[in-house]
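Letter by letter, the chains look like this.
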Amino acid sequence: IKKRTKWFMDARFGMFIHWGLYSIPACGEWVMSQKEMTVEEYRGYFDQFDPVDYNPKKWVRLAKNAGMKYVVLTAKHHDGFCLFDSKLTDYKATNTKAGRDLVREFVDACREEGLKVGLYFSIIDWHHPDFPKYGDKQHPMRNNEAYKDEKIDFDRYLDYMHGQVRELVTNYGRLDLLWFDFSYDDMTGEKWRASDLIRMVRTFQPDVIIDNRLEGAGDNHGSIAKEHPLIYSGDFASPEQIIPPEGVCDEKGEPIPWELCATMNNHWGYCNFDHQYKSPQMLVRKLVECVSKGGNMILNVGPDAKGNIPTESVDILEKVGKWMQKNKES
Ligand code: JFZ
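So, here is what we can say about the structure in this document.

The rules behind each value
- Residues numbered from 1 in each chain as written.
- Predicted model: local features only at pLDDT ≥ 70, side-chain atom pairs only at ≥ 80, totals over all residues.
- Heavy atoms only, no water.
- Helix = DSSP H or I, 4+ residues; strand = E, 2+ residues; numbered from the N terminus.
- Buried < 20%, exposed > 50% of the residue type's maximum accessible area, 1.4 Å probe, protein only.
- Lys, Arg positive; Asp, Glu negative; His and termini not counted.
- Salt bridge = Lys/Arg side-chain N within 4 Å of Asp/Glu carboxyl O.
- Polar contact = N/O pair within 3.5 Å; in protein donor to acceptor, adjacent residues only side chain to side chain.
- Contact = heavy atoms within 4.5 Å.
- Near = heavy atom within 4 Å.
- Areas by Shrake-Rupley, 256 points an atom, 1.4 Å probe, with all protein chains shown as cover.
- Nonpolar A, V, L, I, M, F, W, Y, C, P; charged D, E, K, R; others polar.
- 1 Å grid on protein atoms, 1.4 Å probe; cavity = no way out; pocket = protein on both sides within 12 Å on 5 of 7 lines; lining within 4 Å.
- Points joined across faces, edges and corners; volume = space filled by probe spheres on them.
- Pairing = 2+ DSSP bridges.
- Axes fitted to C-alpha atoms, helices over the stretch in contact; angles between N-to-C directions.
- Expected span 1.5 Å × (residues − 1).
- Arc of directions from axis to C-beta.
- Phe/Tyr/Trp six-rings, centres within 6.5 Å; stacked < 30°, edge-to-face > 60°.

1. Observations concerning the side chain of Glu-29
Here comes step 1: Structurally, Glu-29 can be placed in the loop between β1 (13-17) and α2 (31-34).
Here comes step 2: An unpaired buried charge is present at Glu-29: no salt bridge exists, and Arg-213, the closest side chain of opposite charge, is 9.1 Å distant.
Here comes step 3: Within the local environment of Glu-29, its side chain forms a polar contact with the backbone nitrogen of Gly-269, the two atoms lying 2.9 Å apart.
Here comes step 4: Those residues in contact with Glu-29, other than ones at most four positions away along the chain, are His-18, Tyr-22, His-77, Trp-126, Trp-268 and Gly-269.

2. Comments concerning the environment of Pro-310
Here comes step 1: Here Pro-310 is to be found in the loop between β7 (295-301) and α9 (311-327).
Here comes step 2: Among all residues touching Pro-310, those that are not within four sequence positions of it are Tyr-270, Tyr-277, Gly-302 and Pro-303.

3. Thoughts on the site of the ligand
Here comes step 1: The immediate surroundings of the ligand are formed by 13 residues, with His-18, Glu-29, His-78, Asp-181 and Glu-240 found nearest.
Here comes step 2: Asp-181 is positioned such that a nitrogen or oxygen atom in its side chain is 2.8 Å from an oxygen atom of the ligand.
Here comes step 3: At 3.4 Å from an oxygen atom of the ligand is found a main-chain nitrogen or oxygen belonging to Ala-217.
Here comes step 4: Burial of the ligand by the protein amounts to 79% of the accessible area it has alone, namely 440 Å².
Here comes step 5: Split into classes, the residues belonging to the shell around the ligand amount to five nonpolar, four polar and four charged.

4. So, empty space enclosed by the protein
Here comes step 1: Here the structure, examined in full by the defined rule, presents one cavity of 30 Å³ or more.
Here comes step 2: Empty space within the largest cavity amounts to approximately 90 Å³.
Here comes step 3: Within the lining of the largest cavity, the residues separate by chemical class into seven nonpolar, seven polar and no charged.

5. Side note on the pairing of β1
Here comes step 1: Burial analysis of β1 places five of its five residues in the buried class, the great majority of the element.
Here comes step 2: Side-chain alternation along β1 places Phe-13, Met-15 and Ile-17 on one buried face and Gly-14 and Phe-16 on a second face that is also buried.
Here comes step 3: Summarising the sheet, β1 and strand β2 (residues 70-76) pair through four bridges and their orientation is parallel. Of the residues in β2, the one forming a bridge with Ile-17 is Leu-73.

6. Remarks on the sheet that holds β1
Here comes step 1: Strands sit in the order β5-β4-β3-β2-β1-β7-β6 across an open sheet of seven strands; the sheet is parallel. The sheet terminates laterally at β5 (209-210) and β6 (258-263), the two strands that pair on one side only.
Here comes step 2: Pairing of strand β4 (residues 177-181) with β5 involves two bridges; the strand directions are parallel. Among the inter-strand pairings, Leu-177 is bridged to a residue of β5, identified as Ile-209.
Here comes step 3: Seen against the sheet, helix α4 (residues 56-65) touches β1 and β2 and runs at an angle of roughly 150° to β1.
Here comes step 4: Along the sheet face, helix α6 (residues 154-171) touches β2, β3 (116-122) and β4 and points at about 170° away from the line of β3.

7. Comments concerning α9
Here comes step 1: The end-to-end C-alpha separation of α9 is 24 Å, in line with the 24 Å expected for 17 residues at 1.5 Å each.
Here comes step 2: Of all the positions in α9, only Ser-313, Ile-316, Leu-317, Val-320 and Gly-321 are classed as buried. The buried residues of α9 occupy an angular sector of 145° when the element is viewed end-on, so they sit on one face. Opposite the buried face of α9, at more than 90 degrees from it, the exposed residues are Thr-311, Lys-322, Gln-325 and Lys-326.

8. Overview of the pattern of salt bridges
It is possible for side chains of opposite charge to pair when their charged atoms get near one another.
Here comes step 1: Applying the stated criterion across every chain yields a total of 24 salt bridges.
Here comes step 2: Notably, a salt bridge pairs Asp-10 with Lys-6, separated by 2.6 Å at the nearest N-O pair. Note that Asp-10 and Lys-6 are positioned in helix α1 (residues 6-11) at a spacing of four residues, about one turn of the helix.
Here comes step 3: Given a relative accessible area of 55%, Lys-6 falls into the exposed group.
Here comes step 4: With a closest N to O distance of 2.6 Å, Glu-240 and Arg-213 form a salt bridge. Pair noted here: Glu-240 is in the loop between β5 and β6 and Arg-213 is in the loop between β5 and β6, with a separation of 27 residues, a long-range link.
Here comes step 5: You can call Arg-213 buried: its relative accessible area is 3%.
Here comes step 6: One network of salt bridges, in which partners are shared, links Lys-2, Arg-4, Arg-202 and Asp-235.

9. Notes on the packing of aromatic side chains
The geometry of an aromatic ring pair is captured by the separation of the ring centres together with the interplanar angle, meaning the angle of the planes.
Here comes step 1: Under the definition given, this model contains 26 aromatic pairs.
Here comes step 2: Each ring, one from Phe-16 and one from Tyr-120, has its centre 6.0 Å from the other, and the planes form 55°; the classification is tilted. Here Phe-16 is found in strand β1, whereas its partner Tyr-120 is found in strand β3, with 104 residues between them in sequence.

Here it is, written out as C-alpha cells:
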C-alpha cells in the first residue's frame, strides 16, 4: 500500500458535498440530463444562482463534529458549472451573484478547521461545446437530432478539461484528495488522455490521493487491483452505496484502500421531495462495517440553493457525532 494513502486509511470517515446550479431546481444533480435540457434552458439557473448563506466553515464544522476527517466538494459536476474561478470559462461562480471563488473559501475553511481537503471534478461536461452529445449514453442532447451530424473537436474539450485540473492543482495550495468522476462505455482512461492528466497532477501534487474512476465506476474497479496497475488506476477503489462483502483486495488477495460513497437519502444533489433519510443508527453501522472491512465511508450531503445543508442531514450528523464522541479512542 502506497505511503501517501496513510492519512486516508487512518481517516476512515469523510463528508461528500454535492452542490451547484442543480441545487436550485432541487431534484438532484442529474436534472439537466434527466429533463434533457439545453445549455440555454439550464442557463436560467446560472442567472438565478445566489447562495446568500454560503458559509463553508459551517459545513466543515458540522463534518468535524460528526467525527469526519476530510471533506470533498464538487468543484465541477457533470453540468459543467464551476464553483472555482477557472480562467478557461465564463461559466463559473465568479460570474454569478455569488461573485467570488467558492472553492477558495471552502479550501480555506477545511484548513482552518484542520480537516483534509478534497475536490471532486467531473470529467464529463454537458456544457462544453466539444463534448459528445447525440448518441452519448447520458448527455442531455443524446436524443436531439439537431446534434446528429454536429462536428466536435474532442481534443479541444480534453485540453480544456486538463487545463481546469491544472488550475485546481496549482491555485489552491496543497490538496489532499482528488475525486474524478467518471469513465463509462468505451471512454476508458486513454480516451480522456488520463496518463498525461495524472502525470501532470503528480508534478504539482505528488502526495494527493486520487480515486479510481478515470477507469470506470461502480463495480468496475479498473486496474487498481491488478498486478500492474495503470498510472491512472488511482489510490483507492470507490464502490457506490453497496459495501463489498469482503472489502476490496488485489489479485494476490491483499487488501487495498477503498471508500464507500454513500448518500443520506436517495440523491446526491439537493432534492426537496426526497425525505427518505437513513437513520443515524444505520449510518453508524455502515461506517463500522466499512472500517471492519478495511474501508472508508464518505457520506454525502446536498446543500440547498442558498448554501444550507438540509436540517434532516444536520440532525443526523449531530447524532452520528454523539456516537463518535462516546466511542472514540482515548
Ligand atoms: C456518479 C455521478 O454521476 C453522481 O452524480 C454522483 O456524483 C456520484 C457520486 O458519482 O454516479 C455514478 C457513476 C457511476 C456509477 C454509479 C454512480 N456506476 O458505474 O455504477
